[in-house]
Amino acid sequence: MNTTFQKIALGGGCHWCTEGVFVSLRGVARVEQGWVSSLPPNEAFSEAVIVHYDPEIISVEDLMAVHLETHAATKNHGLRHRYRSAVYYFAAGEAAAFEHILNGLAREYPEPILTQVLPFVGFKASLPEHQDYYRKDPEKPFCKRFIAPKLKALRQTRPGLLAGPISPPAGS
(Lines give C-alpha, C1' and ligand atoms only; values in the text may rest on other atoms or scores of the structure.)
Protein backbone atom coordinates (compact mmCIF):
# COMPACT_ATOMS: atom_id res chain seq x y z
CA MET A 1 0.00 0.00 0.00
CA ASN A 2 1.65 3.18 -1.22
CA THR A 3 -0.41 6.02 0.23
CA THR A 4 0.49 9.57 -0.69
CA PHE A 5 -1.06 11.91 1.82
CA GLN A 6 -2.02 15.45 0.94
CA LYS A 7 -2.50 18.33 3.32
CA ILE A 8 -4.72 21.34 3.74
CA ALA A 9 -4.82 23.88 6.56
CA LEU A 10 -8.18 25.02 7.91
CA GLY A 11 -9.04 27.82 10.29
CA GLY A 12 -12.29 29.22 11.53
CA GLY A 13 -12.92 28.26 15.11
CA CYS A 14 -11.22 26.92 18.18
CA HIS A 15 -8.40 24.61 17.14
CA TRP A 16 -9.43 22.08 19.83
CA CYS A 17 -12.81 21.81 18.12
CA THR A 18 -11.41 21.79 14.62
CA GLU A 19 -8.89 19.09 15.51
CA GLY A 20 -11.59 17.01 17.26
CA VAL A 21 -13.76 17.09 14.15
CA PHE A 22 -11.06 16.25 11.62
CA VAL A 23 -9.38 13.44 13.60
CA SER A 24 -12.82 11.78 13.56
CA LEU A 25 -13.00 11.54 9.76
CA ARG A 26 -12.16 8.51 7.63
CA GLY A 27 -9.04 9.07 5.55
CA VAL A 28 -7.48 11.63 7.88
CA ALA A 29 -4.09 10.34 8.97
CA ARG A 30 -2.99 13.20 11.19
CA VAL A 31 -4.09 16.64 12.36
CA GLU A 32 -1.61 19.26 13.55
CA GLN A 33 -3.17 21.80 15.88
CA GLY A 34 -1.92 25.35 16.35
CA TRP A 35 -1.81 28.71 14.62
CA VAL A 36 -1.37 29.50 10.92
CA SER A 37 -0.23 32.70 9.24
CA SER A 38 -0.59 33.87 5.67
CA LEU A 39 0.50 36.89 3.65
CA PRO A 40 -0.48 40.48 4.57
CA PRO A 41 -3.06 41.51 5.54
CA ASN A 42 -3.51 38.02 7.05
CA GLU A 43 -0.01 37.61 8.48
CA ALA A 44 -1.14 37.45 12.13
CA PHE A 45 -1.29 33.90 13.44
CA SER A 46 -4.82 32.56 13.80
CA GLU A 47 -6.06 29.28 15.30
CA ALA A 48 -6.07 26.51 12.71
CA VAL A 49 -5.15 22.92 11.94
CA ILE A 50 -3.18 21.16 9.24
CA VAL A 51 -5.04 18.08 8.04
CA HIS A 52 -3.03 15.26 6.43
CA TYR A 53 -5.41 13.08 4.44
CA ASP A 54 -5.63 10.26 1.93
CA PRO A 55 -7.41 11.65 -1.16
CA GLU A 56 -8.42 8.11 -2.16
CA ILE A 57 -10.55 7.89 0.99
CA ILE A 58 -11.72 11.48 1.57
CA SER A 59 -11.80 14.29 -0.96
CA VAL A 60 -10.67 17.85 -0.43
CA GLU A 61 -14.26 18.83 -1.32
CA ASP A 62 -15.57 16.78 1.60
CA LEU A 63 -12.94 18.26 3.93
CA MET A 64 -13.90 21.78 2.91
CA ALA A 65 -17.63 21.01 3.27
CA VAL A 66 -17.07 19.66 6.79
CA HIS A 67 -15.00 22.73 7.59
CA LEU A 68 -17.79 25.09 6.55
CA GLU A 69 -20.41 23.07 8.44
CA THR A 70 -18.47 22.99 11.70
CA HIS A 71 -17.62 26.64 12.27
CA ALA A 72 -19.42 29.97 11.89
CA ALA A 73 -18.42 30.43 8.24
CA THR A 74 -21.02 33.15 7.64
CA LYS A 75 -20.60 35.14 10.87
CA ASN A 76 -18.29 38.14 11.19
CA HIS A 77 -18.02 37.96 14.98
CA GLY A 78 -15.68 39.86 17.25
CA LEU A 79 -13.10 37.07 17.47
CA ARG A 80 -12.38 36.76 13.73
CA HIS A 81 -8.82 38.00 14.37
CA ARG A 82 -8.23 34.86 16.43
CA TYR A 83 -10.50 32.58 14.41
CA ARG A 84 -9.87 33.56 10.79
CA SER A 85 -12.23 31.65 8.50
CA ALA A 86 -9.83 30.30 5.92
CA VAL A 87 -8.68 27.43 3.77
CA TYR A 88 -4.90 27.55 3.34
CA TYR A 89 -3.13 26.06 0.34
CA PHE A 90 0.44 24.76 0.25
CA ALA A 91 1.01 24.78 -3.52
CA ALA A 92 0.11 27.66 -5.83
CA GLY A 93 -1.83 25.32 -8.12
CA GLU A 94 -4.28 24.56 -5.30
CA ALA A 95 -5.54 28.14 -4.99
CA ALA A 96 -7.84 28.14 -8.04
CA ALA A 97 -9.14 24.63 -7.27
CA PHE A 98 -9.91 25.58 -3.65
CA GLU A 99 -11.65 28.81 -4.80
CA HIS A 100 -13.76 26.79 -7.24
CA ILE A 101 -14.75 24.28 -4.54
CA LEU A 102 -15.49 27.03 -2.02
CA ASN A 103 -17.67 28.92 -4.52
CA GLY A 104 -19.66 25.77 -5.20
CA LEU A 105 -20.14 25.04 -1.51
CA ALA A 106 -21.10 28.66 -0.80
CA ARG A 107 -24.25 28.19 -2.90
CA GLU A 108 -25.59 25.90 -0.16
CA TYR A 109 -25.65 28.76 2.38
CA PRO A 110 -28.39 31.41 2.63
CA GLU A 111 -25.83 34.03 3.73
CA PRO A 112 -22.46 34.77 2.13
CA ILE A 113 -19.59 32.77 3.60
CA LEU A 114 -16.59 34.69 4.91
CA THR A 115 -14.10 31.89 4.34
CA GLN A 116 -11.05 32.94 2.36
CA VAL A 117 -8.59 30.89 0.33
CA LEU A 118 -5.13 31.98 1.46
CA PRO A 119 -1.54 30.85 0.98
CA PHE A 120 -0.01 28.97 3.91
CA VAL A 121 3.04 30.84 5.23
CA GLY A 122 3.76 29.67 8.76
CA PHE A 123 2.66 27.38 11.57
CA LYS A 124 3.16 27.36 15.34
CA ALA A 125 2.02 24.21 17.14
CA SER A 126 -0.15 24.57 20.21
CA LEU A 127 1.11 23.41 23.58
CA PRO A 128 1.54 19.63 23.99
CA GLU A 129 -1.18 19.46 26.65
CA HIS A 130 -3.66 20.83 24.12
CA GLN A 131 -2.74 18.39 21.34
CA ASP A 132 -5.26 15.59 20.73
CA TYR A 133 -7.51 17.31 23.25
CA TYR A 134 -10.68 15.53 22.19
CA ARG A 135 -9.24 12.04 21.76
CA LYS A 136 -7.45 12.21 25.12
CA ASP A 137 -10.72 12.69 26.98
CA PRO A 138 -13.95 13.15 25.00
CA GLU A 139 -15.87 13.30 28.30
CA LYS A 140 -14.35 16.65 29.32
CA PRO A 141 -17.06 19.34 29.63
CA PHE A 142 -15.56 21.38 26.76
CA CYS A 143 -15.58 18.34 24.48
CA LYS A 144 -19.15 17.40 25.40
CA ARG A 145 -20.40 20.96 24.96
CA PHE A 146 -18.63 22.00 21.76
CA ILE A 147 -17.09 19.07 19.88
CA ALA A 148 -19.60 16.25 20.44
CA PRO A 149 -22.53 18.30 18.98
CA LYS A 150 -20.53 18.98 15.82
CA LEU A 151 -19.81 15.28 15.41
CA LYS A 152 -23.45 14.43 16.10
CA ALA A 153 -24.55 16.85 13.37
CA LEU A 154 -22.02 15.34 10.94
CA ARG A 155 -23.37 11.86 11.67
CA GLN A 156 -26.68 13.16 10.33
CA THR A 157 -25.46 15.22 7.35
CA ARG A 158 -22.38 13.23 6.27
CA PRO A 159 -22.52 9.81 7.98
CA GLY A 160 -20.14 8.13 5.55
CA LEU A 161 -17.29 10.46 6.44
CA LEU A 162 -16.97 9.59 10.10
CA ALA A 163 -14.54 6.94 11.24
CA GLY A 164 -15.46 4.34 13.83
CA PRO A 165 -15.23 4.85 17.58
CA ILE A 166 -12.79 7.43 18.85
CA SER A 167 -9.31 6.01 19.26
CA PRO A 168 -6.98 7.57 21.80
CA PRO A 169 -3.85 9.15 20.33
CA ALA A 170 -0.86 6.87 19.79
CA GLY A 171 1.24 6.51 22.90
CA SER A 172 -1.57 7.25 25.39
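Source: prediction; values computed, not measured.

S.K.: Would you explain the overall build of the protein in this entry?
M.R.: A count of helical and extended segments in the protein gives five helices and six strands. When the helices and strands of the protein are read in sequence order from the N terminus, they spell out β-α-β-β-α-β-α-β-β-α-α. Relative to a compact globule of 172 residues, whose C-alpha radius of gyration would be 16 Å, the protein shows 15 Å and is just as compact. Across its three principal axes, the protein shows a C-alpha extent of roughly 40 × 40 × 30 Å. Here the protein holds 172 residues, and 47% of them are scored as buried. In the protein, of all internal contacts separated by at least 6 residues, the share reaching a separation of at least 24 is 76%. Per element, the accessible surface of the protein, about 9000 Å² overall, is 55% carbon and sulfur.

S.K.: How should I be thinking about the pairing of strand S1 (residues 6-11) in this particular structure?
M.R.: Successive side chains on a regular strand alternate, one facing one side of the sheet and the next facing the other. Pairing of S1 with strand S3 (residues 46-53) involves five bridges; the strand directions are antiparallel. Bridge pairing links Ile-8 to Val-51 in S3. Here S1 pairs with strand S4 (residues 86-89) via three bridges, running antiparallel. Residue pairing across strands places Gly-11 opposite Ala-86, the latter belonging to S4.

S.K.: Sorry, what's going on with the sheet that holds S3 here?
M.R.: Think of a sheet as strands paired side by side through backbone hydrogen bonds, with each pair either parallel or antiparallel. Ordered by their spatial adjacency, six strands build an open sheet running S5-S4-S1-S3-S2-S6, and the pairing between neighbours is mixed. The sheet is open, and its two borders are formed by strand S5 (116-119) and strand S6 (122-125), each paired with just one other strand. Geometrically, the sheet is characterised by an average inter-axis angle of 35 degrees between neighbouring strands, direction not taken into account. As judged from the eight bridges shared by strand S2 (residues 28-37) and S3, these two strands associate in the antiparallel manner. For Val-28, the partnering residue across the bridge sits in S3 and is Tyr-53. In this fold helix H2 (residues 60-69) packs onto S1, S2, S3 and S4, with an angle of close to 15 degrees to the strand it touches most, S1.

S.K.: Explain the pattern of salt bridges here, please?
M.R.: For side chains bearing opposite charge, pairing can occur when the charged atoms are close. Tallying each qualifying case throughout the model produces five salt bridges. With its nearest N and O atoms 3.3 Å apart, the salt bridge here joins Glu-111 to Lys-75. In this pair, Glu-111 is assigned in the loop between helix H3 (94-106) and S5 and Lys-75 in the loop between H2 and S4, connecting sequence segments 36 residues apart. Measuring nitrogen to oxygen at the nearest pair gives 2.7 Å for the salt bridge that ties Asp-132 to Arg-135.

S.K.: Mind showing me how you'd approach the packing of helix H1 (residues 15-22) against helix H5 (residues 141-157) here?
M.R.: The geometry of a pair of packed helices is captured by two quantities: the angle between their axes and the separation between those axes. One can describe the packing of H1 onto H5 by two numbers: an axis separation of 10 Å at closest approach and a directional angle of 40 degrees. With respect to each other, H1 and H5 are oriented oblique. Crossing geometry of H1 relative to H5 is assigned as right-handed. Between H1 and H5, the contacting residues are Trp-16, Cys-17, Gly-20 and Val-21 on the first element and Phe-142, Phe-146, Ile-147, Lys-150, Leu-151 and Leu-154 on the second. Across the contact of H1 with H5, the residue classes break down as eight nonpolar, one polar and one charged.

S.K.: Got a minute to help me understand H5 in this structure?
M.R.: Three or four residues apart is the spacing at which side chains of an α-helix point the same way, because the helix has 3.6 residues per turn. For H5, spanning 17 residues, the distance from its first C-alpha to its last is 24 Å, which sits close to the expected 24 Å at 1.5 Å a residue. Every buried residue belonging to H5 is among Cys-143, Ile-147, Leu-151 and Leu-154, and all of these are buried. Its buried side turned inward, H5 meets H1, H2 and helix H4 (133-136).

S.K.: Can you walk me through H3 in this structure?
M.R.: Here H3 contains 13 residues, and its C-alpha end-to-end distance of 18 Å stays within 8% of the 18 Å for a straight helix at 1.5 Å per residue. Of the residues making up H3, those classed as buried are Ala-95, Phe-98, Ile-101, Leu-102 and Leu-105. With its buried residues spanning 130 degrees around the axis, H3 presents them on a single face. For H3, exposure combined with an orientation more than 90 degrees from the buried face picks out Ala-96 and His-100. Residues of H3 that are buried sit in contact with S1, H2, S4 and S5.

What counts as what
- Residues numbered from 1 in each chain as written.
- Predicted model: local features only at pLDDT ≥ 70, side-chain atom pairs only at ≥ 80, totals over all residues.
- Heavy atoms only, no water.
- Helix = DSSP H or I, 4+ residues; strand = E, 2+ residues; numbered from the N terminus.
- Rg over C-alpha atoms; globule rule 2.2 N^0.38 Å.
- Buried < 20%, exposed > 50% of the residue type's maximum accessible area, 1.4 Å probe, protein only.
- Contact = heavy atoms within 4.5 Å.
- Areas by Shrake-Rupley, 256 points an atom, 1.4 Å probe, with all protein chains shown as cover.
- Pairing = 2+ DSSP bridges.
- Axes fitted to C-alpha atoms, helices over the stretch in contact; angles between N-to-C directions.
- Salt bridge = Lys/Arg side-chain N within 4 Å of Asp/Glu carboxyl O.
- Parallel < 35°, antiparallel > 145°, perpendicular 65-115°, else oblique.
- Left-handed = near helix turned anticlockwise from the far one by under 90°.
- Nonpolar A, V, L, I, M, F, W, Y, C, P; charged D, E, K, R; others polar.
- Expected span 1.5 Å × (residues − 1).
- Arc of directions from axis to C-beta.

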